[in-house]
Amino acid sequence: MQTPTPRTLASAASAAALALLLAACGTEGGSTGAGSGSGSDTVSPDLPVAGTHWTIGAVTVDGRRSAAPDGARVEFGADGRARGNSGCNTFGATVAVKGDTLTVSPQEITEMGCPEDRQRFETDLVKAFTGPLKGKQKGEALTLTSPDGRNGLELTAEADLPLRGTTWKIDGLISGDTVSSLPAGSGDKARLVLGADGRVTGNLGCNNFAATARVEGKTLTIEGPAATTRMMCTGPQMQLETTLYELLDGPLTYRLDHRTLTLTNAEGEGLGAKAATATTGGTSEGAGGTEGQEPPASR
C-alpha cells in the first residue's frame, strides 16, 4: 500500500476545503435555488413538544373519528415520556421525537372500570397514540397522524391555571426534599381556593376552613389561625387536619407548574396540590363532602 506523500495530503485538504466552500455557496439563499439539490437534504427541526400540555379533542381510528370525553389530556415531559388521562384511566408512554415525527411506545395504563362509552374511547386512544405519528402544529392546535393517515389525534394546548380561582386538591405533604402521600384513610376532601376577594377557603380533610390571605411576589401569606367548622373527624382525618391547620398560617412560598401547586414555609414543610377536575354537569369540585356543615368559626 502506497503511503500518501505530503503533497498528496495537501492536495486532499485543498480539495476538501474547496468542496466545503462550494457547498456553503450552494446553500446560501435557501430555497431560492432550483432543482432537487435545493434544500433536499435539510433536516426539519424537532417538534417542540417537550414540556407541553394538551387537551385531547378527538381521536381517529381506521378513518372513524370519536370526540374525546371531558378530562382527556396528555402532556409531554422533558424526560422523553408522555403522561395523560383517557377520561377514565391514566396512561404513560415513551416518546422519541425526530423532526416532525413522534414515535410513541405505550408503557402502562391503570385499570379502573369505565362507562362503556369512555372504555370505547380509551381503546381507540391507545390504538391511535402508538407508533410513528407525524405532527403538525398550527397555533394552539397539534395533530398527530399515522403514516397511512387512518389513525390520529387532535390536540389543543392547555393554558396554565391561575393561582386564584382554581380549586387546588391537596394530594401530598412536603418535608424538605421528601414528598409523602396523605395519611391512609384521610380521604380526598382536602383542598383550598384562593379567591379574588383576598380570602382562602376550603377543607382541611374533614372540616371547612376560611382565612384572609394576600399574595406578594411568590409569597402567599395566610393570616391565621383559620376559622373552621367543628365536625367530628376520624383519626387519619384529624391527623391531616392538624398538619394543614398549622401549616396554613403565615408566609408560604408558592410554586405554580401548569396544573400543580406547592406551598412551603421557611422550614421546608409544605403541601402539594393539583387542580381539581370538573364533575359531571360542568361544575368544579368544591370543598367536597362538606354538606351540612356550619360556617367556619374561629377556634
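Our subject in this report is the structure included herewith. (Residues numbered from 1 in each chain as written. Predicted model: local features only at pLDDT ≥ 70, side-chain atom pairs only at ≥ 80, totals over all residues. Heavy atoms only, no water.)

**A word on the nonpolar core**
Line of reasoning, step 1. Ranked by internal contacts, the top residues of the largest apolar core, which has 28 residues, are Leu192, Leu248, Leu263 and Leu271.
Line of reasoning, step 2. With residues near it in sequence (within four places) discarded, Leu263 still touches Leu192, Leu220, Leu248, Leu252, Thr253, Tyr254, Glu269, Gly270 and Leu271.
Line of reasoning, step 3. In terms of nonpolar packing, the next biggest core, distinct from the first, is built from 25 residues, Trp54, Val74, Ala128 and Leu153 among them. (Core = buried A, V, L, I, M, F, W, Y, C linked by side-chain atoms within 4.5 Å. Buried < 20%, exposed > 50% of the residue type's maximum accessible area, 1.4 Å probe, protein only. Contact = heavy atoms within 4.5 Å.)

**Let's talk about the state of the cysteines**
Line of reasoning, step 1. Evaluation of the coordinates by the stated rule reveals 2 disulfides.
Line of reasoning, step 2. With a sulfur-sulfur separation of 2.1 Å, Cys88 is cross-linked through a disulfide to Cys114. Between Cys88 and Cys114, the disulfide has an S-S torsion of -95° and is therefore left-handed. With Cys88 in the loop between β4 (81-85) and β5 (90-98) and Cys114 in the loop between β6 (101-109) and α2 (116-128), this residue pair connects regions lying 26 residues apart in the sequence. Each of the two residues, Cys88 as well as Cys114, counts as buried.
Line of reasoning, step 3. Put simply, Cys206 and Cys233 are joined by a disulfide, and their sulfur atoms are 2.3 Å apart. What sets the handedness of the Cys206 and Cys233 disulfide is the S-S torsion sign, and at about -95° it is left-handed. Placement of the pair is Cys206 in the loop between β13 (199-203) and β14 (208-216) and Cys233 in the loop between β15 (219-228) and α3 (235-247), with a sequence separation of 27 residues. (Disulfide = S-S within 2.5 Å. Helix = DSSP H or I, 4+ residues; strand = E, 2+ residues; numbered from the N terminus.)

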